[in-house]
Amino acid sequence: MMTHDIEEILVSKEDIEAICKSLGDQITSDYKNKKPLLIGLLKGCIPFMSDLVKHIDLYVDMEYLSVSSYHGGIASTGDVKIKKDSDISFKDRDVIIVEDIVDTANTITTMLELFKNRGALSVKVVTLLDKPGGRLKPYTPDYIGTTIPNKFVVGYGLDYNELYRNLPYVGILKKSVYTNKES
Ligand code: IMP
């Protein structure tokens, strides 16, 4: 069974619920009288974005972009590719990028550049997880759900080879799963 591949639960279902409420409340208060454009980075953002928006009491637009920097493994290739772009205008919009995790920060810094170049009025980032131990460049997200150690995690949108996204929590994957050895 899928759950047998998990070594340890790092962020429980209950933790995630509390994080979504807290971040949603902060965004509601910070963007009062504004209509932010939430941009989710597919596919990892899906569970987080759908739970987060339920706690944002504002008129919001929602859009998705598909980007990839992993190409199947457990380490970022550093090569950020836009696999599905958006045709909506970002000009003069208050953009909030919704990420599952910030690791090396290659993806998010590339996206920040992109939206600024496309004329956004402001661009902020909300991430469920921050993994500062993985950074290859200095960057701190504007809204952070929780900070985790430099381990490869799966669940609640995060995948290993496209699997485990449907776990209701975030957990550390057993090494044996990706090395084919017992850990
Ligand atoms: P970054 O560009 O290295 O910051 O990585 C961002 C993307 O890499 C995230 O949106 C995830 O898709 C993926 N990623 C980073 N760390 C993990 C992890 O621990 N598990 C699964 N995916 C990860």
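Here the structure is shown first, and the text comes after it.
Residues numbered from 1 in each chain as written. Predicted model: local features only at pLDDT ≥ 70, side-chain atom pairs only at ≥ 80, totals over all residues. Heavy atoms only, no water.

Engineer: I'm lost on helix α2 (residues 46-53) in this one. Help?
Structural biologist: Think of an α-helix as turning once every 3.6 residues; residues three or four places apart then point the same way. Looking only at α2, the buried set comprises Phe48, Met49, Leu52 and Val53. Projection of α2 onto a plane perpendicular to its axis shows the buried side chains occupying an angular sector of 115°, all on one side. In this structure, the buried side of α2 is in contact with α1 (13-30), β2 (37-42), β3 (61-68), β5 (94-102) and β6 (122-130). (Buried < 20%, exposed > 50% of the residue type's maximum accessible area, 1.4 Å probe, protein only. Helix = DSSP H or I, 4+ residues; strand = E, 2+ residues; numbered from the N terminus. Arc of directions from axis to C-beta. Contact = heavy atoms within 4.5 Å.)

Engineer: It is not clear to me how the environment of Leu10 should be interpreted in this structure. Could you clarify?
Structural biologist: Turning to its location among the elements, Leu10 is positioned in strand β1 (residues 6-11). In sequence terms Leu10 and Leu167 are 157 residues apart; their C-alpha atoms lie 12 Å from each other. When sequence neighbours within four positions are dropped, the list of residues in contact with Leu10 reads Asp15, Ile148, Pro149, Val153, Val170, Gly171 and Ile172.

Engineer: What am I meant to see in the pairing of strand β9 (residues 170-173) here?
Structural biologist: Along a regular strand, successive side chains alternate from one face of the sheet to the other. Summarising the sheet, β1 and β9 pair through 4 bridges and their orientation is antiparallel. Of the residues in β9, the one forming a bridge with Glu8 is Ile172. As defined by bridge partners, strand β8 (residues 153-154) adjoins β9 across 2 bridges and the pair is classed as antiparallel. Among the inter-strand pairings, Val153 is bridged to a residue of β9, identified as Ile172. (Pairing = 2+ DSSP bridges.)

Engineer: When you look at the sheet that holds β3 in this model, what are you seeing that I'm missing?
Structural biologist: Strands belonging to one sheet form pairs held by backbone hydrogen bonds; the direction of such a pair is parallel or antiparallel. Reading across the sheet, the 6 strands line up as β4-β3-β2-β5-β6-β7 and stay open at both edges, with mixed pairing between neighbours. Because the sheet does not close on itself, it has two edges, and the strands there are β4 (81-84) and β7 (143-147). Sheet twist, expressed as the average angle between the axes of neighbouring strands with direction ignored, equals 30°. With 4 bridges joining them, β6 and β7 adopt parallel strand pairing. Paired with Leu129 across the strands is Thr146, a residue of β7. The sheet strands contacting α1 are β5, β6 and β7, and the helix crosses β7 at an angle near 160°. α2 rests against β2, β3, β5 and β6 of the sheet, and its axis sits at about 155° to β2. (Axes fitted to C-alpha atoms, helices over the stretch in contact; angles between N-to-C directions.)

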